[in-house]
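# Understanding the architecture of this molecule
What follows is the residue order along each chain.
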Amino acid sequence: MTKKKITVIGSINMDIVTSTNILPKMGETVLGKAFHTIPGGKGANQAVAAARLGADVSMIGCVGKDTFGKELKQHLNNLGIDVQNVEPVTETSTGTATITVFDGDNSIIVVPGANYHVTPVYIERLEKMIAESDVVLLQLEIPLETVEKAVEIASKHHATIILNPAPIQLLSKELLSKIDYITPNEHEQEMLLTSSDWTDEERKEIIKKCIVTKGAKGVSILKGNERQIPSFNVDVVDTTGAGDTFNGALAYCLSIGYELEEACHFANAAAALSVTKFGAQGGMPTLQEVEEFLQ
Ligand code: ADP
């Protein structure tokens, strides 16, 4: 099997997690319980998921010229991801998600920071690299016009394009028509199809590209005859990053030539394993772990 090239174009964040037994009111200070920094961002998470499976992954993105940026770039590099085009920018901070965990629930403030410096101009400069990719994997945590530019370039060079439309927003027909696989979860699928004034024919065309992830139920492939690819029954510890693991694994499988159903079966297994462990990237399985699980 020849190893094909996957390029992930997307966000790189540091998740800053504080657990507390008391929730402070505005203006109040309290003592918290625990504090962690955890690498995240949908782009980086999906790149890590594919790399853990042994894929040849390059990441395109931006971090700040700060300690988080340095740490995250090094972290991706340590996992074997090509980070030559993860650019440190001076104008702003590395993207962060500040998460407060309280009473089994959480509240999150996301500051995109450097992720919004992944501009169409930046992407245009990397056309050669995108042209050499077999699979291009995107999400929506960088500016939409950048996603549009990346898709335009990738489609010109006949790469297989996967878009994970998260966080969901209004997407143009032109963008969606150039994508090979759209991977919304159930909530995102609803928004994807109701949020625009398409004709029934146009809607059908988009639906055909969708692989809808349905949590513990697995996925629905809507291309051709609708098919359900069931998930696996596992002991759930933390579902954070399940979708990211699914997308990274799907990209890996398509890059090595799996048929779509087979790819979804494998990606369901990888995602099921990921929910048995804590954290997004921390739970992502290796190729050997998925193969043993599937035996
Ligand atoms: P997201 O995390 O983006 O909301 P989903 O919840 O649909 O996406 O999960 C993505 C995939 O992760 C599912 O299609 C499935 O393969 C796997 N998955 C999620 N939750 C579970 C679970 N409880 N048990 C087994 N697999 C799961």
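Residues numbered from 1 in each chain as written. Predicted model: local features only at pLDDT ≥ 70, side-chain atom pairs only at ≥ 80, totals over all residues. Heavy atoms only, no water.

So, on to the site of the ligand. Every one of the 16 residues lining the ligand counts as a neighbour, but Asn-185, Thr-213, Gly-215, Ser-231 and Asn-268 are closest to it. Take Thr-213: an N or O atom from its side chain is 2.8 Å from an oxygen atom of the ligand. Here an oxygen atom of the ligand sits 2.8 Å away from a polar atom, N or O, in the main chain of Gly-215. For the ligand, the accessible surface in isolation is 550 Å², of which the surrounding protein chains cover 82%. Going through the elements one at a time, helix 9 (242-255) and helix 10 (260-274) are the ones with two or more residues in the shell around the ligand. By residue number, the principal contributor to the shell around the ligand is helix 10, which donates three residues. (Near = heavy atom within 4 Å. Polar contact = N/O pair within 3.5 Å; in protein donor to acceptor, adjacent residues only side chain to side chain. Areas by Shrake-Rupley, 256 points an atom, 1.4 Å probe, with all protein chains shown as cover. Helix = DSSP H or I, 4+ residues; strand = E, 2+ residues; numbered from the N terminus.)

With that settled, consider the sheet that holds strand 1 (residues 5-9). Strand order in the open sheet made by the six strands is 5-4-1-8-9-10, with parallel pairing throughout. One side of each edge strand has no neighbouring strand; the edge strands of this open sheet are strand 5 (82-89) and strand 10 (181-182). As paired strands, strand 8 (residues 135-138) and strand 9 (residues 160-163) are joined by four bridges and run parallel to one another. If you follow Val-135 over to strand 9, its bridge partner there is Thr-160. (Pairing = 2+ DSSP bridges.)

For the structure shown, the criterion picks out zero disulfides. The closest cysteine sulfur to the non-disulfide-bonded Cys-210 is located on Cys-264, 12 Å from its own sulfur. Exposure remark for Cys-210: the relative accessible area of 1% places this residue in the buried category. (Disulfide = S-S within 2.5 Å. Buried < 20%, exposed > 50% of the residue type's maximum accessible area, 1.4 Å probe, protein only.)

What follows covers the pairing of strand 8. Neither face of strand 8 is left uncovered, since the one carrying Val-135 and Leu-137 and the one carrying Val-136 and Leu-138 both have all their residues buried. Looking at chain direction, strand 1 and strand 8 are connected through four bridges and run parallel. Bridged to Ile-9 within strand 8 is Leu-138. In terms of handedness, the path from strand 8 via helix 5 (residues 144-156) over to strand 9 forms a crossover that is right-handed. (Right-handed = clockwise from strand over helix to strand, strands pointing away.)

Turning next to the nonpolar core. Counting residues in each nonpolar core, the largest one holds 48 residues, and the members touching the most others are Ile-81, Leu-250 and Cys-264. Here the element with the most residues in this core is helix 10; it accounts for nine residues. With near-sequence residues (within four places) excluded, Ile-81 lies in contact with Ala-47, Val-48, Ala-51, Val-57, Ser-58, Met-59 and Leu-76. (Core = buried A, V, L, I, M, F, W, Y, C linked by side-chain atoms within 4.5 Å. Contact = heavy atoms within 4.5 Å.)

Moving on: the packing of helix 1 (residues 42-52) against helix 9. As a packed pair, helix 1 and helix 9 sit with axes 7 Å apart at the nearest point and diverge in direction by 50°. When the interaxial angle is binned, helix 1 and helix 9 end up oblique. Once helix 1 is placed against helix 9, the crossing between them reads as right-handed. Where helix 1 abuts helix 9, its residues Lys-42, Asn-45, Gln-46, Ala-49 and Ala-50 lie against Asp-244, Thr-245, Asn-247 and Gly-248. Grouping the constituent residues of the contact of helix 1 with helix 9 by class yields two nonpolar, five polar and two charged. (Axes fitted to C-alpha atoms, helices over the stretch in contact; angles between N-to-C directions. Parallel < 35°, antiparallel > 145°, perpendicular 65-115°, else oblique. Left-handed = near helix turned anticlockwise from the far one by under 90°. Nonpolar A, V, L, I, M, F, W, Y, C, P; charged D, E, K, R; others polar.)

Whenever strands of a sheet pair, they do so through backbone hydrogen bonds, lying parallel or antiparallel. Read across the open sheet, the four strands follow the order 3-2-6-7; overall the sheet is mixed. Two strands bound the open sheet, and with one partner strand each, they are strand 3 (34-40) and strand 7 (105-111). Ignoring strand direction, the axes of neighbouring strands in this sheet form an average angle of 20°. Relative to strand 3, strand 2 (residues 13-19) is paired through seven bridges, and the arrangement is antiparallel. Bridging across to strand 3, Met-14 finds its partner in Pro-39. In the packing of helix 2 (residues 67-78) onto the sheet, contacts are made with strand 2, strand 3 and strand 6 (95-102), and the angle to strand 2 comes to roughly 110°.

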